[in-house]
Amino acid sequence: MCGIIGYIGMKEAVPILLGGLKKLEYRGYDSAGIAVLGRGGLAVSKEKGRLSALESRLAASPLEGTLGIGHTRWATHGEPSDLNSHPHLGEQQKIAVVHNGIIENYRQLKEKLVQRGAAFQSETDTEVIAHLAEQFYRGDLKETMIKLSEVLEGSYALGIICADKPEVLGAIKKDSPLIAGLSEHGAFIASDIPAILEHTREVYYLQDREIALLGRDSCEFFDPQGEPLIKEKEEVTWSLDSAEKGGHPHFMFKEILEQGRVLRETIQDSLWKGRNHEVLEGLDIARYRKIVITGCGSAYNAALVGKYVFEELCRVPVEIDIASEFRYRDPIIDASSLVVLISQSGETADTIAALRLAKEKGAATLGIVNVVGSTIAKEAELCLFTSAGPEIAVATTKAFSAQLVLLYIFSVHSAAALGAITKEEAQILGEEIQSLPDKAEEVLSSTGMIQKHAASWVGKKSIFFIGRNIDYAIAAEGSLKLKEISYIHSEAYAGGELKHGTISLIEDNTLVVSIASRKALYPKIMSNTEQVISRGARVLLVGNAEVSGMGDDLVQLSLPRVYELFSPSLSVLVLQLLAYYIAANKGLDIDKPRNLAKSVTVE
């Protein structure tokens with residue numbers, strides 16, 4: 001969740017560190033800071049609030065040096081404040097540390113340090129690491145990190161610099177993402193690729209408890225015992241432009257508009273020759289008596305859509321589970337189970353934990369992720385990759401759409417392999433999937449109509465979403481998107497549940513978004529729609545159901561015709577734009593909504 005950047009090289013560190021932190025703002029943060037090793041030793045500058053506050057502080061009191069670490073903090077231990085911001089120093093001011101993760105045994109470690117006379121300046125778990133590092137340090141930074149890894153419990157990605165080691169930038173990780181990179185003018189560590197993409201396209205992904213020692217023109221890696229490792233570098237294929245706004249007011253709006261291309265590229269990599277096609281061809285779906293799909297947030301909503309599609313096409317039962325709950329209910333899975341794990345970053349802590357539990361129980365694992373070198377991509381038995389490129393806005397849009405289309409393709413491929421559909425039917429469904437990018441672009445070409453209606457709904461205190469069958473699944477995503485960026489209370493309900501209590505919340509001028517894509521259920525959802533209108537609600541109907549007799553209380557946004565099970569890929573575009581325009585009209589920070597982080601790498 002926190003953002004880490006580290007640099008050692010021939011250039012001044014501060015501009016590079018600040019530039020990297022700006023590229024990591026999407027991860028979510030409440031404070032920022034940097035530490036630089038200069039002629040006078042370690043110097044730290046940090047501020048609560050946005051990066052602009054830190055920039056102002058540095059403009060007034062510059063730091064010089066070519067070795068440094070930077071951090072954007074998302075508070076877990078201790079409130080957002082200057083003192084709790086990273087980097088943290090040990091008591092001797094010899095070692096500075098930045099940290100992403102949670103140290104679960106920090107209280108016990110802190111008590112022992114206090115007993116030995118240590119004085120703490122903050123409420124954070126991270127300051128414990130800085131004190132321990134100084135205690136362990138005997139002139140060898142690698143040995144110091146090995147000893148840290150032996151006593152720290154929990155998750156961590158650490159960047160460490162030492163006043164005695166001006167030629168070394170140290171790093172180690174466990175259960176939190178960290179990469180290293182080398183450019184013509186220096187070496188880097190970072191939480192994510194965008195932070196260093198301006199400087200290099202070649203990156204190394206650290207695995208758990210691996211150590212990196214970076215010099216001005218070198219990257220050395222070691223295993224948890226300190227033995228040298230040869231790591232393969234991976235080339236980043238997407239361009240720097242894809243991590244820029246490109247003239248759009250927000251990253252989220254740019255990413256919404258990119259979805260036609262993202263769908264097209266993901267489909268091409270899956271239906272024909274490509275890495276996803278090869279994985280699907282090698283998957284023997286008949287081996288498995290049980291399918292489980294799990295994820296968090298929007299990934300869970302994608303799983304809910306996937307359940308409807310897979311069960312209807314394959315006639316095989318599918319369980320879905322919130323990843324954070326999966327491992328606490330002792331799931332009934334074994335070697336005859338396939339567990340599908342969905343995560344945009346591939347670093348979602350709860351989903352990684354679900355993956356590891358599934359493997360412990362002998363289940364096969366299939367990841368659906370957007371980052372090739374991520375933990376889930378490395379640890380899952382099989383992996384399908386979305387072709388979304390970098391997604392900077394905290395609220396996912398294009399990565400979610402790519403997850404949906406991969407679930408469709410996975411379902412169609414499995415149904416054909418199981419004999420639940422014929423080859424001819426599979427071909428027809430494949431053609432329907434291939435039509436989605438053009439139809440998505442058709443929807444996205446008419447944003448003005450959605451913008452017009454959204455402007456009149458800014459003042460709503462509550463907005464409800466209803467749908468039936470697969471429309472309920474995508475209603476859940478529409479409601480989540482609205483909550484995330486507009487801060488308006490919202491709930492999604494299966495249409496038939498209205499009469500079981502929910503309808504008591506409907507009052508005059510309540511907005512209800514009703515989704516209607518399944519023809520057989522048009523009468524049912526329209527009956528639900530009439531019920532809320534009769535109680536004073538205004539309705540936005542997304543879909544092609546025939547409407548009569550509802551007057552000005554209902555606005556309809558029709559969609560291009562598509563195979564009904566694939567309709568979420570079109571209706572979700574309207575819901576994303578609705579949330580976006582409502583938030584924009586409120587003047588909110590759409591790309592960085594409060595209290596949220598892009599990649600949730602802690603429990």
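Residues numbered from 1 in each chain as written. Predicted model: local features only at pLDDT ≥ 70, side-chain atom pairs only at ≥ 80, totals over all residues. Heavy atoms only, no water.

Colleague: Explanation requested: the overall build of the protein chain in the structure shown.
Modeller: What the protein chain contains, in helices and strands, is 19 helices and 25 strands. Reported as C-alpha extents along the three principal axes, the dimensions of the protein chain are approximately 80 × 50 × 45 Å. With 603 residues in all, the protein chain has 62% of them scored as buried. Considering only contacts within the protein chain whose residues lie at least 6 apart along the sequence, 72% involve residues at least 24 apart. Roughly 23200 Å² of accessible area belongs to the protein chain as shown, and the carbon and sulfur atoms make up 47% of that amount. Computed over 63 positive and 79 negative side-chain charges, the separation of the two mean positions in the protein chain equals 2 Å. (Helix = DSSP H or I, 4+ residues; strand = E, 2+ residues; numbered from the N terminus. Buried < 20%, exposed > 50% of the residue type's maximum accessible area, 1.4 Å probe, protein only. Contact = heavy atoms within 4.5 Å. Areas by Shrake-Rupley, 256 points an atom, 1.4 Å probe, with all protein chains shown as cover. Lys, Arg positive; Asp, Glu negative; His and termini not counted. Charge placed at Lys NZ, Arg CZ, Asp CG, Glu CD.)

Colleague: So what exactly am I meant to see when it comes to the packing of aromatic side chains here?
Modeller: We describe a pair of aromatic rings using the distance from one ring centre to the other and the angle between the two ring planes. Tallied over the full model, the rule gives nine aromatic pairs. Arranged with centres 6.3 Å apart and planes meeting at 35 degrees, the rings of Phe-464 and Tyr-493 form a pair that is tilted. Here Tyr-493 lies in strand 22 (residues 489–494) and Phe-464 lies in strand 21 (residues 462–467), a separation of 29 residues in the sequence. An aromatic cluster of three or more residues is present, and its members are Phe-253, Tyr-580 and Tyr-581. Over the ring of Phe-120 we find Lys-110; its NZ or CZ atom is 4.9 Å from the centre of that ring. Taking NZ or CZ as reference, Lys-142 lies 4.4 Å from the ring centre of Phe-222, over its face. (Phe/Tyr/Trp six-rings, centres within 6.5 Å; stacked < 30°, edge-to-face > 60°. Lys NZ or Arg CZ within 6 Å of the ring centre and 35° of its normal.)

Colleague: So what exactly am I meant to see when it comes to the nonpolar core here?
Modeller: For soluble globular proteins, the rule of thumb is that nonpolar side chains tend to be buried together. Counting 89 residues, the largest nonpolar core has Ile-291 and Phe-566 as the members making the most contacts within it. Ranked by residues supplied to this core, first place goes to helix 19 (residues 568–585) with twelve residues. With sequence-adjacent residues up to four places away left out, Ile-291 is seen in contact with Ile-285, Phe-310, Val-316, Pro-317, Val-318, Glu-319, Leu-338 and Val-340. (Core = buried A, V, L, I, M, F, W, Y, C linked by side-chain atoms within 4.5 Å.)

Colleague: Looking at this structure, how should I read the packing of helix 3 (residues 106–115) against helix 4 (residues 126–136)?
Modeller: Between helix 3 and helix 4, the least distance of the axes is 10 Å, while the angle of their chain directions is 50 degrees. As the angle between them shows, helix 3 and helix 4 are arranged oblique. Once helix 3 is placed against helix 4, the crossing between them reads as left-handed. In this structure, helix 3 uses Tyr-106, Leu-109, Lys-110 and Leu-113 to contact helix 4, whose residues at the interface are Val-128, His-131, Leu-132 and Gln-135. The residue inventory of the contact of helix 3 with helix 4, partitioned by class, reads five nonpolar, two polar and one charged. (Axes fitted to C-alpha atoms, helices over the stretch in contact; angles between N-to-C directions. Parallel < 35°, antiparallel > 145°, perpendicular 65-115°, else oblique. Left-handed = near helix turned anticlockwise from the far one by under 90°. Nonpolar A, V, L, I, M, F, W, Y, C, P; charged D, E, K, R; others polar.)

Colleague: Would you mind going over the packing of helix 7 (residues 259–271) against helix 13 (residues 398–418) with me for this structure?
Modeller: When two helices pack together, their arrangement is given by the angle between their axes and by how far apart the axes lie. One can describe the packing of helix 7 onto helix 13 by two numbers: an axis separation of 9 Å at closest approach and a directional angle of 30 degrees. By the criterion of interaxial angle, the relationship of helix 7 to helix 13 is roughly parallel. Where helix 7 crosses over helix 13, the two elements pack in a sense that is right-handed. The segment helix 7 lies against helix 13, with Gln-259, Arg-261, Val-262, Leu-263, Thr-266, Ile-267, Ser-270 and Leu-271 engaging Lys-398, Ser-401, Ala-402, Val-405, Leu-406 and Ile-409. Across the contact of helix 7 with helix 13, the residue classes break down as eight nonpolar, four polar and two charged.

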